[in-house]
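Chain by chain, the residues:
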Amino acid sequence: MKTYQLVGIGNAVVDVISHGDDAFLAENGIEKGIMQLVDRDRSEALFAAMRDRVQAPGGSVANTIAGAGALGLQTAFIGRVADDELGHFYADAMNEDGVDFVNPPVPNGELPTSRSMIFVSPDGERSMNTYLGISAELSSQDVPSDVAGRAGIMFLEGYLFDKDKGKAAFLEAARDCRKGGGRVGISLSDPFCVDRHRTDFLSLIEHEMDFVIGNEEEIQSLFQSDHIDDALVLTAALCPLVVCTRSGEGVSVMEGTVRTDVPVQRIDPVDTTGAGDQFAAGFLFGMATGRDVETCARMGVVCAHEVIGHVGPRPDANVLELLRAEGLV
């Protein structure tokens with residue numbers, strides 16, 4: 001039976017990426033710079049409106065797991081796809097990226113494979129319109145206990161909290177992982193996700209998680225605080241390790257009462273899609289290979305820097321070589 005250094009659980013979403021300026025977004029009623037959930041009819045209309053489509057396997061935690069796999073970790077991803085064209089594309093693409101996609105496509109499902117229509121503006125901002133489809137139906141039955149129980153680190157996607165069976169799958173997987181001696185963490189996903197599930201997230205972070213990764217808005221949203229310093233201290237009182245990305249302000253890590261700040265080099269992004277996901281990939285690679293938190297954060301910054309330099313949420317370059325060039329491996 002295989003042991004994995006890193007296992008992710010999340011939405012298995014095919015990203016469909018195209019360009020759209022502000023006028024195009026306004027014309028199609030697309031709110032700029034955020035992730036919106038859309039229904040099936042709206043997803044088909046937006047898909048038809050896309051001009052220069054590029055298709056790629058996506059999903060926030062799936063992107064992280066693929067990035068960590070590209071760095072050389074033994075990785076697996078638990079997610080749900082339909083037995084349709086996009087579902088087979090997704091499973092095959094994950095396996096080709098070196099990630100074990102452990103769930104076979106679900107046959108004869110009423111719901112199709114999930115997809116996110118991502119419109120990239122000239123300023124690099126991305127506007128995501130996500131149809132969750134079958135991936136939102138993930139339940140405990142989709143989580144093989146032998147995979148969860150043999151994971152060194154497990155990373156969970158906050159978006160799955162939108163359904164009770166997703167929550168149940170989370171808790172079971174987390175407990176299996178910790179029982180096997182692994183560490184478990186959560187990606188907060190987005191501030192709206194935190195707003196919807198604040199009480200559950202706070203309870204989960206306090207009682208079930210070894211680490212939490214989020215951006216400034218997400219961490220502040222946990223405690224409805226306008227001050228990131230206060231929010232970090234409050235979150236760190238619940239969880240042993242809190243990792244907060246702060247865009248151009250760098251990264252702040254709380255390990256108990258000890259705070260570590262790592263700066264970033266500001267650049268104009270080509271496409272910010274996947275920046276947080278690839279930061280997490282670098283950070284978790286560092287954790288899995290026994291680095292201190294400052295080195296983990298610096299690794300995450302290198303991975304995020306690479307991905308915002310091109311279109312798409314996963315690395316194009318050999319990121320391990322980039323880490324070597326920075327003296328991090």
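Residues numbered from 1 in each chain as written. Predicted model: local features only at pLDDT ≥ 70, side-chain atom pairs only at ≥ 80, totals over all residues. Heavy atoms only, no water.

Most often, soluble globular proteins keep nonpolar side chains buried together rather than apart. Judged by nonpolar contacts, the single largest core of 54 residues is most densely connected at Phe77, Tyr90 and Phe283. The greatest single-element share of this core, amounting to eight residues, is contributed by helix H12 (residues 293–307). The next biggest cluster of nonpolar side chains, apart from the first, holds 46 residues, and it includes Ile78, Val184, Leu204 and Cys239. (Core = buried A, V, L, I, M, F, W, Y, C linked by side-chain atoms within 4.5 Å. Buried < 20%, exposed > 50% of the residue type's maximum accessible area, 1.4 Å probe, protein only. Helix = DSSP H or I, 4+ residues; strand = E, 2+ residues; numbered from the N terminus.)

This part covers the environment of Thr3. Take Thr3: it is sitting in the segment before strand S1 (4–9). Separated by 145 residues in the primary sequence, Thr3 and Ala148 have C-alpha atoms spaced 9.4 Å apart. Residues within four places of Thr3 in sequence aside, it is in contact with Gln74 and Arg150. Engagement of the side chain of Thr3 in a polar contact is seen with the side chain of Arg150, the distance being 3.3 Å. (Contact = heavy atoms within 4.5 Å. Polar contact = N/O pair within 3.5 Å; in protein donor to acceptor, adjacent residues only side chain to side chain.)

Sites flagged by UniProt as "domain: Carbohydrate kinase PfkB" (unreviewed entry) map to residues 50–315. For residues 50–315, the end-to-end C-alpha separation is 23 Å, with 39% helix and 21% strand making up the annotated structure. (UniProt positions renumbered as here; feature names shortened; annotations may be inferred.)

Moving on, we come to the packing of helix H3 (residues 60–70) against helix H11 (residues 275–288). Viewed as axis vectors pointing N to C, H3 and H11 meet at an angle of 45 degrees, and their least axial separation amounts to 8 Å. In terms of axis orientation, H3 runs oblique to H11. Crossing of H3 over H11 shows right-handed handedness. Counted together, Ser60, Asn63, Thr64, Gly67 and Ala68 of H3 and Asp277, Gln278, Ala280, Ala281 and Leu284 of H11 form the full contact between these two elements. (Axes fitted to C-alpha atoms, helices over the stretch in contact; angles between N-to-C directions. Parallel < 35°, antiparallel > 145°, perpendicular 65-115°, else oblique. Left-handed = near helix turned anticlockwise from the far one by under 90°.)

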